[in-house]
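Coordinate analysis (summary)
Spelled out from the first residue to the last, the chains are:
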Amino acid sequence: MAETMSSLFYQQIIEQAPDAVLFSDREGIIRLWNPGAERLFGFTAAQALGQSLDLIIPEKLRARHWQGYHQVMASGETHYGSKMLAVPALRQDGNPFSSEFSIVMLRDPSGEVLGVAAIMRDISERWQQEKALKARVAALEADKGKA
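For every chain, the first residue of the written sequence is number 1, and numbering continues from 1 along that sequence. Local features are withheld for residues below a pLDDT of 70 in this predicted model, meaning they are given only at 70 or higher, and side-chain atom pairs are given and counted only at 80 or more; totals for whole chains, interfaces and linings count all residues. Note: side-chain values were computed over all heavy atoms of the structure, leaving out hydrogens and water.

A few points about the pairing of strand β1 (residues 20-25)
To keep it simple, the criterion reads: Per-residue accessibility, obtained with a 1.4 Å probe over protein chains only, is compared with the maximum for each type, and a residue is labelled buried under 20%, exposed over 50%, and partly exposed between these values. Counting from the N terminus, the helices are DSSP H or I runs at least four residues long and the strands are E runs at least two residues long. Note: two strands are recorded as paired if DSSP finds a minimum of 2 bridges between them.
Among the six residues that make up β1, six are buried, leaving the element largely enclosed by the rest of the structure. Taking every second residue as pointing to the same face, both faces of β1 are buried, with A20, L22 and S24 on one and V21, F23 and D25 on the other. Looking at chain direction, β1 and strand β5 (residues 113-122) are connected through six bridges and run antiparallel. Paired with L22 across the strands is A118, a residue of β5. With three bridges connecting them, β1 and strand β2 (residues 30-33) associate as antiparallel partners. Bridge pairing links L22 to W33 in β2. Hairpin geometry of β1 and β2 is characterised by an intervening segment of four residues between the two adjacent antiparallel strands and by a positive phi of about 85° at G28.

Next comes the structure, spelled out in structure tokens:
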């Protein structure tokens, strides 16, 4: 009974989370795409499932992404497991946005890496605010230097 309740809780958390929750297998094929991912990226689950992560990775970043991804899949280790990552991502309409995410390595019972789950959110507004604040500080420091 407790295991059934836990499974129900996990399912509800994934389905109701406002953040995007996705899982990609060892080859980088999307195998899980929650409603939060649909809202964030604009692709329905039917459109995203079975597709490469290239669907949401800006073209100029793909080579670097895949180099790191394949290295992690081969070694089973990542130094990003406890860190939040901030990178550009791509919406269905082709527009990039600033995303922040954490990853979780998933393994089978023998310890073999199955793939990576990610929990993602749009931080574009925060990034723009930080950029504006830095510009304002730089302008104030420049004015201070003239006085």
